[in-house]
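# Chain and residue survey
Next come the chains, spelled out residue by residue.
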Amino acid sequence: DGGITQSPKYLFRKEGQNVTLSCEQNLNHDAMYWYRQDPGQGLRLIYYSQIVNDFQKGDIAEGYSVSREKKESFPLTVTSAQKNPTAFYLCASSSMGQGVYNEQFFGPGTRLTVL
Amino acid sequence: AQSVAQPEDQVNVAEGNPLTVKCTYSVSGNPYLFWYVQYPNRGLQFLLKYITGDNLVKGSYGFEAEFNKSQTSFHLKKPSALVSDSALYFCAVRAPYQTGANNLFFGTGTRLTVIP
């Protein structure tokens with residue numbers, strides 16, 4: 001899983017609670033991403049960030065929030081507004097450069113379950 | 001809009017036989033295509049990519065993929081399957097509107113089972 005760590009591996013949330021998933025990378029990558037994985041649906045992009053203190057919504061950003069205060073870190077908060085948060089969450093990073101389409105490196109994932 | 005189709009949810013192959021995992025894409029402009037593999041409860045691992053040049057791309061663990069522009073396909077292949085190749089495979093295409101971060105649009109995945 002490269003130089004990307006995610007914690008915790010498993011997370012249980014009660015309805016109405018906000019929870020934060022951690023993602024840290026030591027690859028010196030500029031770009032970081034959060035995906036949600038559901039069975040039979042592949043990966044869907046939640047948020048991404050190209051630079052510190054800047055981030056953009058992906059395809060399914062509603063009910064989620066992120067921050068990018070450090071290059072190495074890109075935490076994801078699942079808020080109570082997310083109605084169906086039970087899923088496997090994957091963080092990724094990639095280097096950037098004009099004309100260079102670099103593969104993404106993925107963390108091991110966090111499985112979130114709503115009780 | 002871009003899209004990726006993996007028409008087979010499940011592929012079964014006997015150990016030692018060649019394997020193919022299919023992927024077709026729809027994207028305006030030049031496609032940038034990727035294959036990833038996922039083992040249970042793990043993140044995705046990069047296998048190979050096509051950006052430009054030779055249509056046959058070789059990647060990790062003996063996998064290769066052939067880019068076919070006329071058929072808009074990027075099928076993953078391996079000459080001789082191993083039991084350890086059993087996993088979930090994802091095809092992905094780069095979102096064409098992106099100019100910075102390399103956002104990818106993923107297919108729904110194909111579960112490969114190699115039978116001993």
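## What to know about the state of the cysteines
Scanning the entire structure with this criterion turns up two disulfides over all chains. Two residues, C23 of chain A and C91 of chain A, share a disulfide whose sulfurs are 1.9 Å apart. On the sign convention where negative is left-handed, the bridge of C23 of chain A and C91 of chain A, at about -75 degrees about the S-S bond, is left-handed. Placement of the pair is C23 of chain A in strand β3 (residues 19-25) and C91 of chain A in strand β9 (residues 87-94), with a sequence separation of 68 residues. What makes C23 of chain A buried here is its relative accessible area of 0%. Disulfide pairing places C23 of chain B opposite C91 of chain B at an S-S distance of 2.0 Å.

## Digging into the packing of aromatic side chains
A full pass over the atoms with the stated rule returns 14 aromatic pairs over all chains. Plain terms: the ring middles of Y36 of chain B and F106 of chain B are 5.9 Å apart, the flat faces sit at 50 degrees to each other, and that makes the pair tilted. Of this pair, Y36 of chain B sits in strand β5 (residues 33-38) while F106 of chain B sits in strand β11 (residues 104-106), and the two are 70 residues apart along the sequence. What makes Y36 of chain B buried here is its relative accessible area of 0%. Each member of the aromatic cluster is reached from another via a ring pair, and the members are Y33, Y35 and F106 of chain A together with Y36, F46, F90 and F106 of chain B. The ring centre of F74 of chain A lies 6.0 Å from the NZ or CZ of R68 of chain A, which sits over that ring. Seen from the ring of F63 of chain B, K78 of chain B lies directly overhead, with NZ or CZ sitting 5.0 Å from the centre.

## Describing the pairing of strand β9 (residues 73-78) of chain B
Residues and elements named next belong to chain B. Along β9, five of the six residues are buried, which leaves the element largely enclosed by surrounding structure. Two strands pair when backbone bridges link them, and strand β3 (residues 19-21) and β9 are joined in this way by three bridges, in the antiparallel orientation. Across the sheet, residue L19 finds its bridge partner in β9, namely K78. Where strand β8 (residues 64-68) meets β9, five bridges bridge the pair, whose relative direction is antiparallel. Residue pairing in the sheet places E66 in a bridge with H75 of β9.

Parameters at a glance
- Residues numbered from 1 in each chain as written.
- Chains lettered and ligands numbered in written order.
- Predicted model: local features only at pLDDT ≥ 70, side-chain atom pairs only at ≥ 80, totals over all residues.
- Heavy atoms only, no water.
- Disulfide = S-S within 2.5 Å.
- Helix = DSSP H or I, 4+ residues; strand = E, 2+ residues; numbered from the N terminus.
- Buried < 20%, exposed > 50% of the residue type's maximum accessible area, 1.4 Å probe, protein only.
- Phe/Tyr/Trp six-rings, centres within 6.5 Å; stacked < 30°, edge-to-face > 60°.
- Lys NZ or Arg CZ within 6 Å of the ring centre and 35° of its normal.
- Pairing = 2+ DSSP bridges.

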